[in-house]
Amino acid sequence: MSFNKAKEYIEEGDTVILYLGPNNMHSIDVVHKIMNKKGELTDNVFQTIYGALKVPSLVGEKYGAKVQLSRGWAYVLQPTSELWTVTLPHRTQIIYTPDISLITYLLELVPGSIVVETGTGSGSLSHSLIRIIQPLGHLYTFDFHEQRASLACAEFEKHGLSDFVTVQHRDVCADGFGEKLNNKADAIFLDLPHPWLTIDHAVKTLKNSGGKLCSFSPCIEQVQRTCEKLTATGFVDLKTYECLEKELSVQYKSLPVLDLECLKHKRISEEAIDKVEKNEEDRRKYEKILTVTHSSSLPGHTGFITIATLPPVFARIIKTS
Amino acid sequence: MSAADTLRQDIIAVGSYVIVQRQKYRKLYKLPAENGGGNMLALGKERVEMSAIIGKPFWTTFKMIPTNSNKKLTNGKSYRLEEVHAAESLDDLKDLLPSGMDNRKITDDGTSQKLSTQEIMELREAGKSGREIVGSLIENSQTFSAKTKYSQEKYLRKKERKYFLYLTIHKPTIHLLQEIYFQQDHVKIGSLRMDSLAQILSYCDVKSDGLYLLYDSGSQGLAAASLLTRIGAKTSGRLVYLHPGNMAQTTLIRAMNFSNEQINRLSTVNIYSLMRMYYQDAMESKESFGSRDASGDSSKLVDPDSPEAQIQCNDSPNLLKRKHSDATVSSMVPKKKPKWLSETQSAVDLLKSCKVEGLAILAAKEHPLNIVKGLLPFLGTSRPFVIFHAYREPLQEVYVMLKQRCDVMNIRLLSNFLRSYQVLDDRTHPDILMNDVGGYLLVGYLVN
Ligand SMILES: C[S@@+](CC[C@H](N)C(=O)[O-])C[C@H]1O[C@@H](n2cnc3c(N)ncnc32)[C@H](O)[C@@H]1O
């Protein structure tokens, strides 16, 4: 129940983020008993590289507190959508924060927006969508994979988000978004292999006063076909973007400084010899700089983000060619 | 939101801001508070009387009708607007004419167009529609039919831009405003590219019910407007927007036409006033009375190297002026607290009553280090902060400072690569131009 509003203390039933290091974060449920692999209920003990954590002991701790492990310590954080995205259980490929940020920005979501999303997948994007539109808006999310739909549904429930989201098990390419949603949505988001097959349904589902449609596709052919279909059905202002986030690692570096000046003059006196020795020292001089290093391996491609606007009915123009 | 509300929001009202679009060109325009004279939009050399748009729904398209066709064109033309169902399009023209396979036969010696400039002018003056003019241009072009379909299309687009006199009116949104201002002069909005702005909103974990703290000195109010939009209408969230000058930049906040209900949950406060009042609790209003309302002209930042900046860092932006006005004030009958003072007071009260749920710092020119140090204490534990800067080096220094504290974690320095694409049949490729001024973000969480 720890996703819907900021809270100070950990309560039983919360999902919390255990932070051991930038590349070592886990989301854990604060419950007394969990199911082990054999299907038996056991005490909820979480194993980390710094030793074990008795999860129920977290109840009553402040969010942001440092907790003792048998061989070290960790921080417990309240999950944000960003932390959830990097710790969630993967059931599919997921969308990450840089793309999620651009998608939600381009869809112009605000509290109160009605959003349709498909496919739900692992719910990475869904959590961010819900964060923005709650408490007055609603997310309708669809996946044709029954288990993914039901796991996502259970997850939203556990996170205290079920008032703001409806999960439906459905093939949207074949069956659309349903009569009930006709002229209801402010925004539609597509992350599917065949987004262009849903566009006719999307036109029905978006409000008569118009709305936004965003499609996320890894392949340019998908973009091409989707854009063609969008233009043919009255969407305007089509834009396609690609956004990659680079992390820079801040570091001090010491650079040796060479003294070449002293080589221009002949050594003559004792004094000069002293000086030379000093120069030798100088030659070993280092200059300390603060700079960044770039990663040698980073995501080079995630997906293309296409955004399109459907004008209100009176201003829609369907080009026939 | 009720149906009536939605309806009202979608109608162009006097006194509101609108976005005027002419083909690819967009501009922000403020309608005067009362309909009448002086409702003139300047579009380059042309002037458009805008009264006709009032009461019409957003997305309405208007035709620009010349009102002084007898005057010389070079003086700049005036137009009035007439509602139309849709702008005429040239798209079908290209399908009417044959086209060539490639450009082997085309030599551009400047003689392919048989119509003279004078003749084209006359067509325009005669009030011919853009479509008619372009039609004649094509008829009189010796090379048009030899051009490939693609270059015919390019040609039509170019002519469309020149001869088409249609405007569409849009409702301002963060996305549109950012685009317009960024294209015009990105420095004016602190080089805040849309992907960075989008990430600020995410990493700051903006929700409808929280209290958020923003420091911004150079985005024309874009950052504050974006956060307030995310906080939403008819919600309980609040935003404290700190700025370093005499007046906050608010252009883009105003451009969003926020309702009173929403704008009242934004407190715009000078950072010096806030910090002084927060820490020097018992401060009498008298002390700073007049310190800011005395001047109140510029919102520009003081160059950090100038002597003026020294004064600013020491204490108040208007040390000298204050001394002066203190005397005036005390000799006067006590008057109503100035607005900035009560606004500062309520922001201080807010920040004393609870910790903020997210902190965003956008330092346009100044070094962010002290601002970060100054504002982090207002942030709740387990809550995120985002610092944006156009330069990397100051953020590196902030990074080092934060690493030395033991109450900040998961600190990351980020920068984005953003690229847009042309998507067309068989001609999809990245756009020829891209923009490399995305700036840098430093993000992290505060812990115990
Ligand atoms: C890549 S995943 C979505 C990931 C999600 N955006 C996230 O961030 O977690 C794509 C999902 O779309 C679903 N899907 C594919 N085709 C579908 C269809 N026609 N109707 C409904 N769901 C579909 C798949 O089952 C899969 O779960």
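Residues numbered from 1 in each chain as written. Chains lettered and ligands numbered in written order. Predicted model: local features only at pLDDT ≥ 70, side-chain atom pairs only at ≥ 80, totals over all residues. Heavy atoms only, no water.

### Comments concerning the environment of A:Val292
Right, on to step 1. Along the chain, A:Val292 falls in strand E15 (residues 286-293).
Right, on to step 2. Given the relative accessible area of 9%, A:Val292 is considered buried.
Right, on to step 3. Put simply, A:Val292 and A:Leu248 are 44 residues apart on the chain and 5.8 Å apart in space, counted from C-alpha to C-alpha.
Right, on to step 4. Once residues within four sequence positions are removed from consideration, A:Val292 is found in contact with A:Leu248, A:Ser249, A:Val250, B:Arg392, B:Gln396 and B:Leu413. (Helix = DSSP H or I, 4+ residues; strand = E, 2+ residues; numbered from the N terminus. Buried < 20%, exposed > 50% of the residue type's maximum accessible area, 1.4 Å probe, protein only. Contact = heavy atoms within 4.5 Å.)

### Quick look at the site of the ligand
Residue and element names in this part refer to chain A.
Right, on to step 1. Close contacts around the ligand come from 23 residues, with Asp143, Phe144, Arg148, Asp171 and Asp191 the closest.
Right, on to step 2. Leu125 places a polar main-chain atom, nitrogen or oxygen, 3.3 Å from an oxygen atom of the ligand.
Right, on to step 3. One nitrogen or oxygen atom from the side chain of Asp191 is found 3.0 Å from a nitrogen atom belonging to the ligand.
Right, on to step 4. If the ligand stood free it would expose 600 Å²; the protein chains cover 92% of that surface. (Near = heavy atom within 4 Å. Polar contact = N/O pair within 3.5 Å; in protein donor to acceptor, adjacent residues only side chain to side chain. Areas by Shrake-Rupley, 256 points an atom, 1.4 Å probe, with all protein chains shown as cover.)

### Describing empty space enclosed by the protein
Residue and element names in this part refer to chain A.
Right, on to step 1. For the structure on display, the rule yields four cavities of 30 Å³ or more.
Right, on to step 2. Within this model, the largest cavity holds a volume of roughly 110 Å³.
Right, on to step 3. Examining the composition of the lining of the largest cavity, we find that three residues originate from one element, helix H3 (residues 124-133), more than from any other.
Right, on to step 4. Residues belonging to the lining of the largest cavity are distributed by class as follows: five nonpolar, six polar and five charged. (1 Å grid on protein atoms, 1.4 Å probe; cavity = no way out; pocket = protein on both sides within 12 Å on 5 of 7 lines; lining within 4 Å. Points joined across faces, edges and corners; volume = space filled by probe spheres on them. Nonpolar A, V, L, I, M, F, W, Y, C, P; charged D, E, K, R; others polar.)

### A closer look at the UniProt feature "binding site: S-adenosyl-L-methionine" (unreviewed entry) in chain A
All names here are of chain A.
Right, on to step 1. Under the local residue numbering, the UniProt record ascribes the feature "binding site: S-adenosyl-L-methionine" (unreviewed entry) to Ser122, Gly123, Ser124, Leu125, Asp143, Asp171 and Asp191.
Right, on to step 2. The residues contacting Ser124, other than those within four sequence positions of it, are Thr85, Leu88, Ile94, Ile95 and Ile100.
Right, on to step 3. Examined against the element boundaries, Leu125 turns out to sit in helix H3.
Right, on to step 4. Apart from the residues lying within four places of it in its own chain, the contact partners of Leu125 are Ile100, Ile103, Glu117 and Phe189. (UniProt positions renumbered as here; feature names shortened; annotations may be inferred.)

### Structural notes on the sheet that holds strand E8 (residues 72-77) of chain A
Residue and element names in this part refer to chain A.
Right, on to step 1. On the basis of which strands lie adjacent, the open sheet formed by four strands has the order E2-E1-E8-E7 and antiparallel pairing. Each end of this open sheet is capped by a strand with a single partner; those strands are strand E2 (24-29) and strand E7 (66-69). When strand polarity is set aside, the average angle formed by the axes of neighbouring strands in this sheet is 35 degrees.
Right, on to step 2. Bridging between strand E1 (residues 15-21) and E2 involves six bridges; their strand directions are antiparallel. Its bridge partner being in E2, Ile17 is matched across the sheet by Ser27. (Pairing = 2+ DSSP bridges. Axes fitted to C-alpha atoms, helices over the stretch in contact; angles between N-to-C directions.)

### Quick notes on a positive patch on the surface
Residues and elements named next belong to chain B.
Right, on to step 1. There is a patch of like positive charges on the surface, built from Lys24, Lys158, Arg161 and Lys162.
Right, on to step 2. Within the element layout of this structure, Lys162 appears in helix H5 (residues 149-163).
Right, on to step 3. For Lys162, a relative accessible area of 47% gives the class partly exposed. (Patch = residues over 30% accessible without salt bridge, like charges linked within 9 Å, V, L, I, M, F, W, Y side chains within 5 Å. Salt bridge = Lys/Arg side-chain N within 4 Å of Asp/Glu carboxyl O. Lys, Arg positive; Asp, Glu negative; His and termini not counted. Charge placed at Lys NZ, Arg CZ, Asp CG, Glu CD.)

### Observations concerning the environment of B:Leu197
Right, on to step 1. Among the structural elements, B:Leu197 can be located in helix H7 (residues 194-203).
Right, on to step 2. B:Leu197 gets classed as buried once you look at its relative accessible area, which sits at 1%.
Right, on to step 3. Considered as a pair, B:Leu197 and B:Ile174 are 23 residues apart in the sequence and their alpha carbons are 10.0 Å apart.
Right, on to step 4. Setting aside residues up to four positions removed in sequence, B:Leu197 forms contacts with A:Tyr105, B:Ile174, B:Gln178, B:Leu192, B:Leu222 and B:Ser226.

### Focus: the nonpolar core
Right, on to step 1. Formed by 79 residues in total, the largest nonpolar core has its most connected members in A:Ile103, B:Leu214 and B:Leu239.
Right, on to step 2. Among the elements that make up this core, the one with the highest residue count is helix H8 (residues 222-231) of chain B (seven residues).
Right, on to step 3. Judged by nonpolar contacts, the second largest core, of 43 residues, contains B:Val269, B:Tyr278, B:Val400 and B:Ile411. (Core = buried A, V, L, I, M, F, W, Y, C linked by side-chain atoms within 4.5 Å.)

### Here's the deal with the interface of chain B and chain A
Right, on to step 1. Contacts between chain B and chain A engage 67 residues on the former and 63 residues on the latter.
Right, on to step 2. The junction of chain B with chain A conceals about 5,500 Å² of combined surface from both sides, 58% of it contributed by carbon and sulfur atoms.
Right, on to step 3. Considering only the side of chain B, the residues that lose the most area to chain A are B:Trp59, B:Arg230 and B:Tyr421, jointly responsible for 12% of the buried surface there.
Right, on to step 4. At the boundary of chain B and chain A, one finds seven salt bridges.
Right, on to step 5. Between A:Glu242 and B:Arg419 there is a salt bridge, with the nearest N and O atoms lying 3.8 Å from each other.
Right, on to step 6. Inspection of the chain B/chain A interface yields 22 residue pairs in polar contact (both at pLDDT 80 or more).
Right, on to step 7. Contributions of two or more residues to the side of chain B that touches chain A are made by helix H6 (174-185), H7, H8, helix H17 (393-404), strand E13 (408-422) and strand E15 (440-446) of chain B. (Buried area = accessible area lost by both parts, 1.4 Å probe.)

### Remarks on a nonpolar patch on the surface
Right, on to step 1. A grouping of A:Leu258, A:Leu260 and A:Leu263 is seen on the molecular surface, where their side chains present a nonpolar patch of about 350 Å² in accessible area.
Right, on to step 2. Position of A:Leu260 among the secondary structure elements: in the loop between strand E14 (236-256) and helix H8 (270-283).

### Quick notes on the side chain of B:Ser16
Residue and element names in this part refer to chain B.
Right, on to step 1. Among the secondary structure elements, Ser16 is positioned in the loop between helix H1 (3-9) and strand E1 (17-22).
Right, on to step 2. Of the residues examined, Ser16 reaches a relative accessible area of 11% and is grouped as buried.
Right, on to step 3. Aside from chain neighbours lying at most four places away, what touches Ser16 is Tyr29, Lys30, Leu31 and Asn257.

### Examining H17(B)
Right, on to step 1. For H17(B), spanning twelve residues, the distance from its first C-alpha to its last is 17 Å, which sits close to the expected 16 Å at 1.5 Å a residue.
Right, on to step 2. In the core, the buried residues of H17(B) are packed alongside E14 and E15 of chain A together with helix H16 (369-375), strand E12 (383-389), E13 and E15 of chain B. (Expected span 1.5 Å × (residues − 1).)

### Some details on the packing of helix H2 (residues 97-106) of chain A against H3(A)
Residues and elements named next belong to chain A.
Right, on to step 1. At a closest axis distance of 10 Å, the pairing of H2 and H3 adopts a crossing angle of 40 degrees. Here H2 lies oblique to H3, going by the angle between them. Relative to H3, H2 is oriented so that their crossing is right-handed. Packed against H2, whose contacting residues are Ile100, Ile103 and Thr104, the element H3 presents Ser124, Leu125, Ser128, Leu129 and Ile132 at the interface.
Right, on to step 2. Looking at the contact of H2 with H3, its residues break down into five nonpolar, three polar and no charged. (Parallel < 35°, antiparallel > 145°, perpendicular 65-115°, else oblique. Left-handed = near helix turned anticlockwise from the far one by under 90°.)

### Looking at the domain arrangement of chain B
Right, on to step 1. Here chain B is partitioned into domain 1 (10-87), domain 2 (91-163) and domain 3 (174-275 + 340-446).
Right, on to step 2. For domain 2 of chain B versus domain 3 of chain B, the distance between C-alpha centres works out to 48 Å. (Domains from an automatic or database assignment.)

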